[in-house]
Amino acid sequence: MLHIQENISLKPYNSFGIDVKANYFAEIFSEADLAALYHNEITQAQKNLIIGGGSNVLFTQDYNGLVIKISIKGIESRADGKNILVTAGAGEIWNDFVSYCVENNYAGVENLSLIPGTVGASPIQNIGAYGVELKDVFESCSAFEIKTGKIKTFNFNDCHFGYRESVFKGELKGQYIITSVTFHLASEPQINTSYGAIEAELQNRGVETPTIADVSSAVAHIRVSKLPDPSTIGNAGSFFKNPVIEKYEFAAIVAKHPDVVHYPTADDKIKLAAGWLIEQCGYKGKIEGNTGTWKNQALVLVNHGGATGTEVYNFSAQIIDSVKSTFGVTLEREVNIL
Ligand SMILES: Cc1cc2nc3c(=O)[nH]c(=O)nc-3n(C[C@H](O)[C@H](O)[C@H](O)COP(=O)(O)OP(=O)(O)OC[C@H]3O[C@@H](n4cnc5c(N)ncnc54)[C@H](O)[C@@H]3O)c2cc1C
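On a predicted model such as this, the values are computed, not experimentally measured, just so you know.

**Q** Outline the overall build of the chain, listing residues and values.
**A** Tallying secondary structure elements over the chain gives 9 helices and 20 strands in all. For 338 residues, the compact-globule estimate of 2.2 N^0.38 gives 20 Å, and the C-alpha radius of gyration of the chain, at 20 Å, lies within 12% of that figure. Seen through its principal axes, the chain has C-alpha atoms that stretch 60 × 50 × 35 Å. Looking at the chain as a whole, 49% of its 338 residues are labelled buried. For the chain, the exposed area adds up to about 15,700 Å²; of that, 48% sits on carbon and sulfur atoms. Of the side-chain charges in the chain, 27 are positive and 37 negative, and the distance between the mean point of each set is 5 Å.

**Q** If you had to explain the site of the ligand to someone new, which residues and values would you point to?
**A** Lining the immediate environment of the ligand, one finds 32 residues, of which I50, G52, S55, P116 and T118 sit closest. A distance of 2.8 Å separates an oxygen atom of the ligand from a polar backbone atom of G54. A distance of 2.7 Å is found between a nitrogen atom of the ligand and a side-chain nitrogen or oxygen belonging to R223. Bound to the protein, the ligand loses 93% of the 970 Å² it would expose on its own. Of all elements in the fold, only β3 (48-51), β8 (128-129), β12 (176-186) and β13 (234-238) reach the threshold of two or more residues within the shell around the ligand. Here the residues of the shell around the ligand are counted per class, giving 16 nonpolar, 14 polar and 2 charged.

**Q** How would you summarise the packing of aromatic side chains if you had to cite specific residues and measurements?
**A** A complete count under the given rule lists 13 aromatic pairs for this structure. Grouping aromatic residues by their ring pairs yields a cluster made of F16, F239 and F240. Above the face of the F154 ring, K152 is positioned so that its terminal group lies 4.6 Å from the ring centre. Looking at K271, its charged tip hangs above the ring of Y163, at a distance of 3.9 Å from the centre.

**Q** Lay out the state of the cysteines in plain terms, naming residues and giving numbers.
**A** Taken as a whole and assessed by the stated rule, the structure comprises 0 disulfides. Cysteine C141 is unpaired, with the sulfur of C159 as its nearest cysteine sulfur at 4.8 Å.

**Q** Give me the lowdown on the nonpolar core, citing residues and values where you can.
**A** The biggest cluster of nonpolar side chains holds 43 residues, and the ones touching the most others in it are F240, L272, L277, I278, I319 and L331. Apart from the residues lying within four places of it in its own chain, the contact partners of L331 are F240, K241, P243, A274, L277, I278, I319, I320 and V323.

**Q** Let's hear about helix α1 (residues 31-39): which residues, and what values?
**A** Those residues of α1 that fall on the buried side of the exposure criterion are D33, L34 and L37. All buried residues of α1 project into a common sector of 100° when viewed along the axis, lining one side. For α1, the exposed residues lying more than 90 degrees away from the buried face are A32 and H39. Where α1 is buried, its residues contact β2 (21-28), α2 (41-45), β5 (63-70), β10 (138-145) and β12.

The rules behind each value
- Residues numbered from 1 in each chain as written.
- Predicted model: local features only at pLDDT ≥ 70, side-chain atom pairs only at ≥ 80, totals over all residues.
- Heavy atoms only, no water.
- Helix = DSSP H or I, 4+ residues; strand = E, 2+ residues; numbered from the N terminus.
- Rg over C-alpha atoms; globule rule 2.2 N^0.38 Å.
- Buried < 20%, exposed > 50% of the residue type's maximum accessible area, 1.4 Å probe, protein only.
- Areas by Shrake-Rupley, 256 points an atom, 1.4 Å probe, with all protein chains shown as cover.
- Lys, Arg positive; Asp, Glu negative; His and termini not counted.
- Charge placed at Lys NZ, Arg CZ, Asp CG, Glu CD.
- Near = heavy atom within 4 Å.
- Polar contact = N/O pair within 3.5 Å; in protein donor to acceptor, adjacent residues only side chain to side chain.
- Nonpolar A, V, L, I, M, F, W, Y, C, P; charged D, E, K, R; others polar.
- Phe/Tyr/Trp six-rings, centres within 6.5 Å; stacked < 30°, edge-to-face > 60°.
- Lys NZ or Arg CZ within 6 Å of the ring centre and 35° of its normal.
- Disulfide = S-S within 2.5 Å.
- Core = buried A, V, L, I, M, F, W, Y, C linked by side-chain atoms within 4.5 Å.
- Contact = heavy atoms within 4.5 Å.
- Arc of directions from axis to C-beta.

What follows is the structure in structure tokens.
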């Protein structure tokens, strides 16, 4: 049954551990709860914010409205030719879903192991890691339109996926609650170990013919060694996107900084490593008040304890200014600022 609480601290609901309050808070476990939510006058009278695990948000102030936390569970799979179609409830923990796929030998999401958050948030910014993006395995999703109470299916083409982008972060922002996501996974895996340190980690382990379980375990190991665990030190992963620039802009940068870390993109542009740019500006492991950058990865901003969202935000603005004046590149925040 739908229960709307009042004046709730959001500290347990965001991985930065920022202590702000919401006027109203409701947790949704089923489509029946969604229907009740739609008919509730608070939903209609207040502004709404949807959250899953709160691992890609930075609260800079109290939320003056209704926070809707999505906890709809359930995983089902069915064969579809050479593919397996797996549908997971939006409130499933992303890594639990990945573990389910790895255990059943459904291939495609093993490189996305250990990304925090929920299944329902995965299409929002088209999550990605180690050479794989959500869009590579996305089949469709069901979403509840807050204004009309109707459920709509979004297919791949409807979602306009881009680098850490989708229609849900753009023109439809805040309008739909994703209730479930369907993925197409392969029963005959194509292992993808070419990105980052996966190959080296597998070699270290003496694994010559990796299974998807080996890849998942290697990715998890690398992530734990590089990234702070939000349960002990508040953070939201990469705070900024890796900037994508034109080749002529890159030529000007590489002339001054020959060792600039960069990757070609499929559309003939150049992606720069934001973490490297920030590190060059002297920010790796920097502590400023209660915030700072992570000692092993300058791209991750952390809450050393008691930081306010404004403090973290102002620190991120300082980093943007510094990178702009050193490299002429404007960093864009990946984390949703609220
Ligand atoms: C340590 C760490 C490492 C990370 N590594 C990665 C990484 O490698 N790659 C990567 O892409 N991301 C990474 N992230 C970011 C984060 O894990 C992802 O963005 C994740 O998808 C967020 O899920 P969430 O459930 O916590 O979303 P939330 O933070 O709760 O919400 C994020 C956005 O999605 C919206 N939203 C959430 N659920 C729904 C829903 N059901 N329907 C509609 N809108 C919804 C929210 O309104 C918000 O705008 C990392 C974060 C941390 C803390």
